Amino acid sequence: MHSDDNSPVTEAVAEVAPPIVSDSQTFTRAFKDMRDGFHQRELWLSLGWQDIKQRYRRSVLGPFWITIATGLQALAMGLLYSTLLDQPISEYLPYVTVGLIVWNVIQASILEGSDVFIANEGLIKQLPSALSVHVYRLVWRQFLFFIHNAAIYAVLVAAFSIWRDLNWSILLVFPAILLLFLNAMWVSIVFGIFSTRYRDIAPILGSMTLMLFVLTPVMWSTKALENSVGGMSDRAKLIEIVPTFHYLEIVRAPLLGEPSEWHHWAIVGAITVVGWIVAILALKQYRARVPYWV
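Scope of this entry: the structure provided in the associated data block. This structure is a prediction, so every number in the text was calculated from the model and none was measured.

**Quick look at the side chain of glutamate 249**
If you trace the backbone, glutamate 249 turns up in helix 12 (residues 243–255). Taking relative accessible area as the criterion, glutamate 249 reaches 15% and is therefore assigned buried. Not counting chain neighbours up to four residues away, the residues in contact with glutamate 249 comprise Pro254 and His264.

Dropping the structure here:
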């Protein structure tokens, strides 16, 4: 029996049936991924802690090697640069130490963030979880590193009597740390997605991070340049164009009992908003393609 595909009944059904529309590239799915990933916190909390335990497996001191390594690096660089720049060690060593602790978070956000989905290829393809789980896991692991390294700051507070200079402004360190890790999240999302698609981005980011480390006053002080004679004091203002400088300042100033300038907060706040807009757009457009790219 011959069936006519152009019969009136077929045409009527075609008109009534709604078109199949995929919602994989919508803001709803992007926000749902972030929300579902957060709700799966038992998974990424456990995986993040296991990452640290695995790294220091069969070690006597375990994760405390994180603190020892950072402390030795800060001590060596603090002694060297305080001598080169003719700065008192009691002021310069805490300055370098806090700067290095914050820089480690920034550096990991860029370098490990660019590899976050590639490194979790097996889990992405086999585990039915939100893509953001891997970002939460990375940021949680870096927060644990940060907490371990904070013990070095506690030692310096007692050793160099920094507590005498501290005041109520130290409370600003809590929103500063929150902003630091909020930025670590969007950086990991954006760089992670595009580095998965274009594998040349990761080496470029490695070179860029090294350049940022040189330009950012982690080991050298802007005050030393501002107090110098000649035109160096004017050139010190050029550091304002380096975005990582402002992240260091909002965390370091409260911890050292120094006044926190509000333009640093404004710049970091603006970068945070723009960065998260880009991250949500990237999730909206490319979230569903990441499993095929890894």
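Structure shown, so let's carry the discussion forward.
**As for the nonpolar core**
Ile106, Phe117, Ile189 and Trp276 are the most contacted members of the largest nonpolar core, which totals 66 residues. Listing elements by their share of this core, those giving two or more residues are helix 2 (27–39), helix 5 (89–114), helix 7 (132–159), helix 8 (173–197), helix 9 (201–215), helix 12 and helix 13 (262–286). Among the elements that take part in this core, helix 8 stands out by supplying 13 residues, more than any other. Sequence-distant contacts of phenylalanine 117, that is, excluding residues within four places in its chain, are made with Ile124, Leu131, His134, Val135, Ile189, Gly192, Ile193, Thr196, Val290 and Val294. Of all hydrophobic cores here, the second largest spans five residues; its members include Tyr56, Ile66, Leu144 and Phe145.

**A few points about the environment of alanine 184**
Its place among the elements puts alanine 184 in helix 8. Ignoring anything within four residues of it in the chain, the contact list for alanine 184 reads Ser109 and Val139.

**Some thoughts on a nonpolar patch on the surface**
A surface patch of nonpolar side chains, about 510 Å² in accessible area, is lined by Trp65, Ile68, Leu72, Leu75, Leu79 and Ile89. Of the residues forming the nonpolar patch, the biggest block, five residues, is contributed by helix 4 (residues 64–84). Turning to its location among the elements, isoleucine 68 is positioned in helix 4. Classification of isoleucine 68 by relative accessible area gives partly exposed; the value is 31%.

**Details of the pattern of salt bridges**
Under the criterion given, the structure shown has six salt bridges. Across the pair aspartate 51 and arginine 141 runs a salt bridge, and its minimum N-O distance is 2.6 Å. A residue pair is termed long-range when its members are at least 10 positions apart, and aspartate 51 in helix 3 (residues 41–55) and arginine 141 in helix 7 qualify at 90 residues. A single burial state applies to aspartate 51 and to arginine 141, both of which are buried. Connected through shared salt-bridge partners, Asp51, Glu112, Arg137 and Arg141 make up one network.

Reading guide: rules and limits
Residues numbered from 1 in each chain as written. Predicted model: local features only at pLDDT ≥ 70, side-chain atom pairs only at ≥ 80, totals over all residues. Heavy atoms only, no water. Helix = DSSP H or I, 4+ residues; strand = E, 2+ residues; numbered from the N terminus. Buried < 20%, exposed > 50% of the residue type's maximum accessible area, 1.4 Å probe, protein only. Contact = heavy atoms within 4.5 Å. Core = buried A, V, L, I, M, F, W, Y, C linked by side-chain atoms within 4.5 Å. Patch = residues over 30% accessible without salt bridge, like charges linked within 9 Å, V, L, I, M, F, W, Y side chains within 5 Å. Areas by Shrake-Rupley, 256 points an atom, 1.4 Å probe, with all protein chains shown as cover. Salt bridge = Lys/Arg side-chain N within 4 Å of Asp/Glu carboxyl O.

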